[in-house]
Amino acid sequence: MENLFNLKGKIALITGGSRGIGAMIAEGFVRNGVKTYISSTPRD
């Protein structure tokens, strides 16, 4: 699968990445060598 979707060296901005689906997507990018920035709104 990693050969099909090679993302090494790419940059991603994940919005809503602190939990849920966004966190899972961010983790997948990080594990595959993507420089990942996570943006989220603090919740009380």
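Our subject is the structure that appears above.
Predicted model only: the values in this text are computed from it and were never measured. (Residues numbered from 1 in each chain as written. Predicted model: local features only at pLDDT ≥ 70, side-chain atom pairs only at ≥ 80, totals over all residues. Heavy atoms only, no water.)

Participant: So, the overall build of the protein: which residues are in play, and what are the values?
Facilitator: Scanning the protein for helices and strands turns up one helix and two strands. Written out in order from the N terminus, the α and β elements of the protein read β-α-β. By principal-axis analysis of the C-alpha atoms, the protein measures approximately 40 × 15 × 10 Å. Here the protein, with 44 residues, has 16% of them falling under the buried criterion. Contacts in the protein between residues far apart in sequence, at least 24 positions, make up 44% of those at least 6 positions apart. Summed over its atoms, the accessible surface of the protein is roughly 3900 Å², and 55% of this surface lies on carbon and sulfur atoms. (Helix = DSSP H or I, 4+ residues; strand = E, 2+ residues; numbered from the N terminus. Buried < 20%, exposed > 50% of the residue type's maximum accessible area, 1.4 Å probe, protein only. Contact = heavy atoms within 4.5 Å. Areas by Shrake-Rupley, 256 points an atom, 1.4 Å probe, with all protein chains shown as cover.)

Participant: Tell me about the pairing of strand β2 (residues 35-39), residues and numbers included.
Facilitator: Here strand β1 (residues 11-15) pairs with β2 via five bridges, running parallel. Among the inter-strand pairings, Leu13 is bridged to a residue of β2, identified as Tyr37. Regarding the hand of the β-α-β motif, the stretch spanning β1, helix α1 (residues 20-31) and β2 is right-handed. (Pairing = 2+ DSSP bridges. Right-handed = clockwise from strand over helix to strand, strands pointing away.)

Participant: Describe in detail the environment of Lys10, supporting the description with residues and values.
Facilitator: Inspection of the secondary structure puts Lys10 in the segment before β1. With 24 residues separating them along the chain, Lys10 and Val34 place their C-alpha atoms 5.2 Å apart.

Participant: Tell me about the environment of Glu27, and name the residues and values.
Facilitator: Relative to the helices and strands, Glu27 resides in helix α1. Given a relative accessible area of 39%, Glu27 falls into the partly exposed group. Once the C-alpha coordinates of Glu27 and Ser40 are considered, the two residues, 13 residues apart in sequence, prove to be 15 Å apart.

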